[in-house]
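Summary of structural features
The lines below spell out each chain.
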Amino acid sequence: MKGFKKVLAMLLAVAMVAAMVMGCSSGGGDAEEEKTEENTEAPADDAEAPAEDEGSGEVLKGGGSNIIYVITPSVSNPAFKAEADTATAKAKELGYEVKAASHDDDPTKQTELFDSAIADKAAAIICDNAGADATVEAVKKARDAGIPTFLIDREINAEGVAISQIVANNYQGAKAIAEKFVEAMGEKGKYVELLGKESDTNAGVRSSAFHEVVDQYPDMEMVAQQTANWEKTEAYDKMEAMLQANPDIEGVMCGNDTMLEGVCAALQAAGKKLPVIGVDGSDEAAALIKSGDATGTALQQFAVIAETAVVQADKYLKEGSTGADEKQLIDCIAITSENVDKLAGFVYTE
Amino acid sequence: MKRRVIALGLTLALAASTLLTGCGIVKVVKIGEEGKYTGNVEFNAGDDVAAIWEDSALPEMNETAVDLTEFLTQSNGDLTALADDYGKYSMGDSGELSYVVKGTGTVEEVNTDSQAGFMTVKLEGYTGSEAVKIQIGPVYKGSSIRDTLSFIKFGDYKNQEEWAAVSQSINQVVADDVVGPVEPSSLQGKNISFVGAFTVSSGSTDVLITPVVLEVK
């Protein structure tokens, strides 16, 4: 018994000392890390002080090469193709070499592409990202390698990591076109919704914007809601099945225009013409709006967004600042039969 | 007995050393600043709007509102004509254009056929063709009020959903505190004064105002 108490006392004493030492050493470690960070940043800050006005840390110089990476979702979607093509053209025009690639909405693949950019000592990365949370680490890694990232179309859930986030205002656009949808439905009736790919922030954003508007109308009743993963054929199949289950559907909301195409094809096959809305502003959707098969879409100004990002990247590399806020919203434009003639190739001309 | 006291003493000392050292084990975080450490701030648009409404939003809008009769007379049919003088664009110098306006007039019609209800107002001293409408809900379209305020911007919010939630909360305040109390259904033929915001709509000269002040004379 005596021995046990001695051992206990010893153990407690050791634990106490250990707690103090560990507590202090971790605190001290943090302080040291902060110091070394300050040291490495200090000279860079001094050199760039006149150009830097954003106060968000050091100015990134680029990796050293003259290559701009353009990373987008799959270019099988004409919207992303327009975005990638515009960014590529603008960067070449400004004298950069361009490497364009798609992450196919796979964060792992996106990380690999960022790693390639770092290995290539890229001057900058233009990216329409593969996930609001998943992308943060990749952008940080590029930042640590001195490579500035300019995000387009979709935003990420962190600030101070990317230099610019030039975001299509999906929420505003989806709301605007949802208002047209409600008008076309006469504020009442059964409708269905096709959602985009769940991992993509915009799928959720667009759906909540649709519902912010539509759910305020008590006589609008959603009878089915399914994902078609942004895909045309999947949308066709889902629409066909939903029509069988609910023959009295009076309208369809689609998270994007490729699904809208599938839905319109399924409705045509069933001999129906109903109010249908999408988001993106593709030429295919424009044609369906002109023919009266679709009600409208919300144009995301992909070309404007992509070009703005490249111009800001160039300015940042040359002057150390974009001169703009990190987060910038680019409005969507509601497209209906009234103004569809002004839309071509994702460009709206007044 | 003595040993027990020693053991107890050591236990207390251990507890004290673990809890009370200033070596980083315990950190005092001020209320409201947790987000700096966790990266997670519980966002509540309603609280945000409640905090700005009386103290910042209303005073600013009362201050900057331009008289709608004069505004429409000067614009002469082109609602973008006075953008540089009174308007605010959603993207700096492009995008959606919003104005803060005020005026007095007679309610000609109260339209509640649509959920997005409105009343048409015949402005005092104005004979132009533009239809002046004041939104009375229960559905409020657009985000005109948020988009005219100078002191909040998208960059202050985590993402576009939170930014949108701010506008939703503002419209809720309008429904509860501005439109609700005046009982719009009773306003046909009455004289009213208003302060509010509208966004220029493409392809229409309707002035669809979301009110922030609505008074029956």
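Residues numbered from 1 in each chain as written. Chains lettered and ligands numbered in written order. Predicted model: local features only at pLDDT ≥ 70, side-chain atom pairs only at ≥ 80, totals over all residues.

1. What about the overall build of chain B?
Regarding its fold elements, chain B presents seven helices and seven strands. Walking chain B from its N terminus toward its C terminus, one meets helices and strands in the order α-α-α-β-α-α-β-β-β-β-α-α-β-β. Here chain B holds 217 residues, and 33% of them are scored as buried. In chain B, the share of contacts with a sequence separation of at least 24, taken over all contacts with a separation of at least 6, comes to 65%. (Helix = DSSP H or I, 4+ residues; strand = E, 2+ residues; numbered from the N terminus. Buried ≥ 20, exposed ≤ 12 C-beta atoms within 10 Å, placed from the backbone. Contact = placed C-beta atoms within 7 Å.)

2. Focus: the overall build of chain A
Helix and strand counts for chain A stand at 10 helices and 14 strands. Expressed as a percentage of its 350 residues, the buried residues of chain A come to 49%. Partitioning the contacts of chain A with sequence separation of at least 6, the portion at a separation of at least 24 is 73%.

3. Quick notes on the domain arrangement of chain A
Residues and elements named next belong to chain A. Each assigned domain of chain A is listed with its residue range as follows: domain 1 (67-168 + 302-330) and domain 2 (171-300 + 338-343). Put simply, the middle of domain 1 and the middle of domain 2, counted by C-alpha atoms, are 29 Å apart. If you look at the interface, domain 1 gives nine residues, while domain 2 gives 10 residues. Considered class by class, the residues forming the side of domain 1 that touches domain 2 number five nonpolar, two polar and two charged. (Domains from an automatic or database assignment. Nonpolar A, V, L, I, M, F, W, Y, C, P; charged D, E, K, R; others polar.)

4. As for the sheet that holds strand β12 (residues 333-336) of chain A
All names here are of chain A. Reading across the sheet, the six strands line up as β7-β6-β8-β9-β10-β12 and stay open at both edges, with mixed pairing between neighbours. Edge positions in the sheet fall to β7 (220-227) and β12, since each of these pairs with one other strand and no more. Between one strand and the next, the sheet's axes are offset by a mean angle of 20 degrees, whatever the strand orientation. (Pairing = 2+ DSSP bridges. Axes fitted to C-alpha atoms, helices over the stretch in contact; angles between N-to-C directions.)

5. Some words on the pairing of strand β4 (residues 149-153) of chain A
Residue and element names in this part refer to chain A. With respect to burial, β4 is a largely interior element, five of its five residues being buried. Sheet topology places strand β3 (residues 124-127) next to β4; three bridges connect them, and they run parallel. Each bridged residue has a counterpart across the sheet, and for Ile 126 the counterpart in β4 is Phe 150. A crossover links β3 with its parallel partner β4, the connecting element being helix α4 (residues 134-144), and its sense is right-handed. (Right-handed = clockwise from strand over helix to strand, strands pointing away.)

6. A closer look at the nonpolar core
Soluble globular proteins tend to bury their nonpolar side chains together. Residues and elements named next belong to chain A. Counting residues in each nonpolar core, the largest one holds 143 residues, and the members touching the most others are Ile 125, Ile 126 and Val 263. The biggest single contributor to this core is helix α10 (residues 302-319), with 10 residues. Every residue in contact with Ile 126, bar those within four places of it in the chain, is listed here: Ile 68, Tyr 69, Val 70, Ala 87, Phe 150, Ile 152, Ala 309, Val 310 and Ala 313. (Core = buried A, V, L, I, M, F, W, Y, C linked by C-beta atoms within 7 Å.)

7. Here's the deal with α10(A)
A turn of α-helix holds 3.6 residues, and therefore any two residues three or four places apart point the same way. All names here are of chain A. An ideal rise of 1.5 Å per residue puts 26 Å on 18 residues; α10 measures up with 25 Å between its terminal C-alpha atoms. The element α10 is extensively covered by neighbouring structure, given that 14 of its 18 residues are classed as buried. Looking one or two residues past α10, Gly 320 carries a phi angle of roughly 85 degrees, positive in sign. (Expected span 1.5 Å × (residues − 1).)

8. Considering the packing of helix α3 (residues 107-119) of chain A against α4(A)
The packing of two helices is summarised by the inter-axis angle and the distance between the axes. Residues and elements named next belong to chain A. Remark: α3 packs on α4, axes separated minimally by 10 Å, with the N-to-C direction vectors making an angle of 5 degrees. Between α3 and α4, the angle falls in the class roughly parallel. Contacts between α3 and α4 pair Pro 107, Gln 110, Thr 111, Phe 114, Ala 117 and Ile 118 from the former with Ala 134, Thr 135, Ala 138, Lys 141 and Ala 142 from the latter. Considered class by class, the residues forming the contact of α3 with α4 number seven nonpolar, three polar and one charged. (Parallel < 35°, antiparallel > 145°, perpendicular 65-115°, else oblique.)

9. Section: α4(A)
All names here are of chain A. Within the span of α4, buried status applies to Thr 135, Ala 138, Val 139 and Ala 142. Along α4, the residues classed as buried sweep out an arc of 95 degrees about the axis, all on the same side. Along its buried surface, α4 packs onto α3, β3 and β4. (Arc of directions from axis to C-beta.)

10. Looking at the environment of A:Thr308
Within the secondary structure layout, A:Thr308 lies in helix α10. With 23 C-beta atoms counted inside 10 Å, the residue A:Thr308 sits in the buried group.

11. Side note on the sheet that holds strand β2 (residues 97-102) of chain A
Sheet strands pair by backbone hydrogen bonding; their relative direction is either parallel or antiparallel. Residue and element names in this part refer to chain A. Taking strand neighbours across the sheet as the criterion, the six strands line up as β2-β1-β3-β4-β5-β11 in an open arrangement whose pairing is parallel. The outermost strands of the open sheet, each flanked by one partner alone, are β2 and β11 (327-330). Taken over all neighbouring pairs, the strand axes of this sheet differ in orientation by 15 degrees on average, direction set aside. Of the pairings in the sheet, the one linking β4 to strand β5 (residues 164-168) comprises four bridges and is parallel in character. Paired with Phe 150 across the bridge in β5 is Ser 164. Running over the sheet, α10 touches β1 (67-72), β3, β4, β5 and β11 and is turned about 170 degrees from β4.

12. A word on the packing of helix α7 (residues 232-245) of chain A against helix α8 (residues 257-269) of chain A
All names here are of chain A. Contact pair α7 / α8: the axes reach a minimum separation of 7 Å and the direction vectors enclose 45 degrees. Compared by their axis directions, α7 and α8 come out oblique. Between α7 and α8 the crossing geometry is right-handed. Taken together, the residues of α8 that come into contact with α7 (itself represented by Lys 232, Thr 233, Glu 234, Ala 235, Tyr 236, Met 239, Glu 240 and Leu 243) are Thr 258, Met 259, Glu 261, Gly 262, Val 263, Ala 265, Ala 266 and Leu 267. (Left-handed = near helix turned anticlockwise from the far one by under 90°.)

13. Re the confidence of the model for chain A
Residues at a pLDDT of 70 or more form 84% of chain A, whose mean pLDDT is 87. Note on residues 23-55 of chain A: pLDDT under 50 across the span, and 23 contacts to partners over four residues away in sequence or across chains. (pLDDT = per-residue confidence, 0-100.)

14. Observations concerning the confidence of the model for chain B
Here chain B averages 86 in pLDDT, and 81% of its residues register 70 or above. For this predicted complex, the interface confidence reaches an ipTM of 0.71, while the overall pTM sits at 0.75.

15. Considerations on the pairing of β7(A)
Look at any regular strand and the pattern is simple: side chains alternate between the two faces of the sheet. Residue and element names in this part refer to chain A. For strand β6 (residues 189-195) and β7, the ladder comprises seven bridges, and the chain directions are parallel. The partner of Lys 190 across the bridge, within β7, is Glu 221. Read from β6 through helix α6 (residues 201-214) to β7, the crossover connection turns out right-handed.

16. A short note on the environment of A:Val340
Residues and elements named next belong to chain A. Among the structural elements, Val 340 can be located in the loop between β12 and β13 (343-344). The class for Val 340 is buried, based on 20 C-beta atoms found within 10 Å. Along the primary structure Val 340 and Ala 285 are separated by 55 residues, whereas in three dimensions their C-alpha atoms are 9.6 Å apart. Leaving out residues up to four positions away in the same chain, Val 340 has contacts with Ala 286, Ile 289, Lys 290 and Ile 335.

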